[in-house]
Amino acid sequence: MGHANISRRSFTAGLAGAGALALGTLGIAGCSNEGGTGSAGSGTADKTYKIGILQLTQHSALDAANEGFIAALDDSGIAYEPDQQNASNDQNACQTIAQTFANDGCDLILAIATPAAQAAVAATGDIPIIGTAITDFAASGLVDSNDAPGGNLTGTSDMNPVADQIALLEELVPEAAHVGLLFCTAESNSEIQIAMAEKELDAAGIGHERFTVSSSNEIQSVVETMVGQVDAIYTPTDNTIAAAMTQVADIANEAGVPTICGEVGMVEAGGLASVSINYYELGYRAGEMAVEILTEDANPAEMPIETMSADDCDLVYNQATADEIGVDVSMLADEGGEDVSA
């Protein structure tokens, strides 16, 4: 599914409910630009903005958010120098990169994913920070509230339509009596979504069990264990699982166990289906918010966290996976879904 060619989506301010461009890993050069000015536009008052971009890890959803952010900056016409840094899913690396951005005096920091934002907030209380691909800013301790952040950080939330995803699981696997919930315990965003999924499964009378990993090294053994015990798998927008989704899908599909995923990149990697946030659009809106801060003196403390409407999410499925595990997904095409299989 092409992320860059999708029309602007609608966003809602505030957040109800529970509470990359992988360029450079730790070759930190502050907020310098190794690749030239990011935009050839005229900019505002001839100023070139220094923007530090801290991405937690490399996988398609976070990459798409990064791309959307850059596209919004380009479309705005401002002149800017981006410093792209990827922490390779290492919290210590997040802290080091964030502190370097702060020391170098960036005009703005983009933090992609919760641990990246937590590191940025710890590094500076003065430099404006835009967060994106974060499920619940308030529950993660990043802001005072999602409606009134109160500090130097705001951004766009990838709060998932979890209820719709569980309904999708029921539609595709109606015989499922026991669902495995796969996520990484190090990610607070996943804990929030799993609790929401458990509530929906309880309401549907479907049994469920948590299967957790603390790092990517545990994924193979955990998934090999769970496929012998569950009728279906649900995994949210968990960065650790998303980065290893091909491995998860290989094991689950060989065992004939359907996997309902948190986002489109995980379906592209072999999961069965999702009602998915569009991460390019999420990043694009984050970029628009950044431009408002840089050129219009908008105050992050007063900018509510924005989230996509469930009505604007994408229904996606992987026909190749469906054929491999013997699940009929023909009804999803009738419902306007898109086949994202390679």
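Predicted, not measured: the structure shown is a model, and the values here were computed from it.

A.B. asks: Is there a simple way to think about the overall build of the protein in this case?
C.D. replies: Scanning the protein for helices and strands turns up twelve helices and 14 strands. By the burial criterion, 56% of the 342 residues in the protein qualify as buried.

A.B. asks: Got a minute to help me understand the pattern of salt bridges in this structure?
C.D. replies: For the coordinates displayed, the defined rule picks out seven salt bridges. Put simply, R285 and E292 hold a salt bridge, and the shortest N to O gap is 3.2 Å. Residue E292 is classed as partly exposed on the basis of its relative accessible area, which comes to 22%. One network of salt bridges, with partners in common, ties together R285, E288, E292 and E306.

A.B. asks: I would appreciate a short explanation of helix α6 (residues 219–226) in the present structure.
C.D. replies: Each turn of an α-helix holds 3.6 residues, which means side chains three or four residues apart point in the same direction. Listing the buried residues of α6 in full gives I219, V222, V223 and M226. For α6, the arc enclosing every buried residue in end-on projection is 95°, short of the 170-degree limit, so these residues lie on one face. Buried residues along α6 sit against β7 (178–184), β8 (207–213), β9 (232–235), α7 (239–243) and α8 (245–254).

A.B. asks: How should the pairing of strand β11 (residues 273–276) be read in this particular structure?
C.D. replies: In summary, the side chains of a regular strand alternate between the two faces of the sheet. Residues of β11 alternate between two faces, with A273 and V275 on one and S274 and S276 on the opposite face, all of them buried. Bridge count between β11 and strand β13 (residues 314–317): four bridges; the pairing is antiparallel. Within β13, the position partnered with V275 by the bridge is L315.

A.B. asks: Explain the environment of K47 here, please?
C.D. replies: You can see K47 is positioned in the loop between β1 (11–13) and β2 (48–55). Expressed as a C-alpha distance, the spacing of K47 and A79, which sit 32 residues apart in the sequence, is 6.7 Å. Aside from chain neighbours lying at most four places away, what touches K47 is A79 and D107.

A.B. asks: Would you mind going over the packing of α6 against α8 with me for this structure?
C.D. replies: Relative placement of two packed helices is described by the angle separating their axes and the distance separating the axes. Between α6 and α8, whose axes approach to 9 Å, the crossing angle comes to 25°. Put simply, α6 runs roughly parallel to α8. Judged by the sense of rotation from one axis to the other, the crossing of α6 with α8 is right-handed. Residues I219, Q220, V223 and E224 of α6 form the contact with α8, whose participating residues are Q247, V248 and I251.

A.B. asks: Whenever I open this one, the packing of aromatic side chains confuses me. Can you help?
C.D. replies: Any two aromatic rings considered together are summarised by their centre-to-centre distance and by the angle between their planes. Enumeration over the complete set of coordinates arrives at one aromatic pair. When the centroid spacing of 6.5 Å and the interplanar angle of 35° are considered together, the rings of Y280 and Y284 count as tilted. Of this pair, Y280 and Y284 both sit in helix α10 (residues 279–296), four residues apart, roughly one helical turn.

A.B. asks: What is the right way to read the nonpolar core from this model?
C.D. replies: One broad trend across soluble globular proteins is that nonpolar side chains are buried collectively. Counting 86 residues, the largest nonpolar core has I51, F69, L172, Y234 and L272 as the members making the most contacts within it. If near-sequence neighbours (up to four positions away) are discounted, Y234 is found in contact with V162, Q165, I166, L169, V179, G180, L181, L182, I194, A197 and I260. Ranked by size, the runner-up nonpolar core spans 26 residues in total, among them C184, V222, V267 and V340.

A.B. asks: What is the right way to look at unusual backbone geometry in this model?
C.D. replies: Comment: phi is negative for the bulk of residues other than glycine, and the bulk of peptide bonds are trans. For S88, which is not glycine, the phi dihedral falls at a positive 50°. Inspection of the secondary structure puts S88 in the loop between β3 (79–86) and α2 (91–104). When its relative accessible area of 43% is taken as the criterion, S88 is described as partly exposed. Despite not being glycine, N89 has its phi angle at roughly 60°, a positive value. Taking the relative accessible area as the measure of exposure, N89 reaches 34% and is therefore partly exposed.

A.B. asks: Explain the packing of helix α1 (residues 60–76) against α10 to me, please; I cannot follow it from the model alone.
C.D. replies: Two numbers describe how α1 lies on α10: the axes approach to 6 Å, and their chain directions differ by 40°. Comparing their axes, α10 and α1 come out oblique. The interaxial crossing formed by α1 with α10 has right-handed handedness. Note on element contacts: α10 touches α1 through Y279, Y280, G283, Y284, A286, G287, E288, A290 and V291, opposite A61, A64, A65, E67, G68, F69, A71, A72, L73, D75 and S76. Taken together, the residues of the contact of α1 with α10 break down into 13 nonpolar, four polar and three charged.

A.B. asks: In this structure, what is going on with the pairing of β8? I would like to understand it.
C.D. replies: Two strands pair when backbone bridges link them, and β7 and β8 are joined in this way by seven bridges, in the parallel orientation. Bridge assignment links V179 to a residue of β8, and that residue is H208. Taken together, β7, helix α5 (residues 188–204) and β8 form a β-α-β motif whose crossover is right-handed.

A.B. asks: Mind showing me how you'd approach the environment of D311 here?
C.D. replies: By the secondary structure assignment, D311 is in the loop between β12 (306–308) and β13. Each C-alpha atom, one on D311 and one on P161, is 9.2 Å from the other, the two residues being 150 residues apart in sequence.

A.B. asks: Is there a simple way to explain the confidence of the model for the protein in this structure?
C.D. replies: Low pLDDT marks regions whose predicted coordinates should not be analysed in detail. When pLDDT is averaged along the protein, the result is 89; 87% of the residues meet or exceed 70. Taken as a whole, residues 1–9 scores under 50 in pLDDT and shows 23 contacts with residues more than four places along the chain or in a different chain.

A.B. asks: Can you walk me through the side chain of T135 in this structure?
C.D. replies: By the secondary structure assignment, T135 is in the loop between β5 (129–134) and β6 (153–157). Judged by relative accessible area, which is 0%, T135 ranks as buried. Of note is the side chain of T135, whose polar atom sits 3.4 Å from the side chain of Q193.

How each quantity is defined
- Residues numbered from 1 in each chain as written.
- Predicted model: local features only at pLDDT ≥ 70, side-chain atom pairs only at ≥ 80, totals over all residues.
- Heavy atoms only, no water.
- Helix = DSSP H or I, 4+ residues; strand = E, 2+ residues; numbered from the N terminus.
- Buried < 20%, exposed > 50% of the residue type's maximum accessible area, 1.4 Å probe, protein only.
- Salt bridge = Lys/Arg side-chain N within 4 Å of Asp/Glu carboxyl O.
- Arc of directions from axis to C-beta.
- Contact = heavy atoms within 4.5 Å.
- Pairing = 2+ DSSP bridges.
- Axes fitted to C-alpha atoms, helices over the stretch in contact; angles between N-to-C directions.
- Parallel < 35°, antiparallel > 145°, perpendicular 65-115°, else oblique.
- Left-handed = near helix turned anticlockwise from the far one by under 90°.
- Phe/Tyr/Trp six-rings, centres within 6.5 Å; stacked < 30°, edge-to-face > 60°.
- Core = buried A, V, L, I, M, F, W, Y, C linked by side-chain atoms within 4.5 Å.
- Nonpolar A, V, L, I, M, F, W, Y, C, P; charged D, E, K, R; others polar.
- Right-handed = clockwise from strand over helix to strand, strands pointing away.
- pLDDT = per-residue confidence, 0-100.
- Polar contact = N/O pair within 3.5 Å; in protein donor to acceptor, adjacent residues only side chain to side chain.

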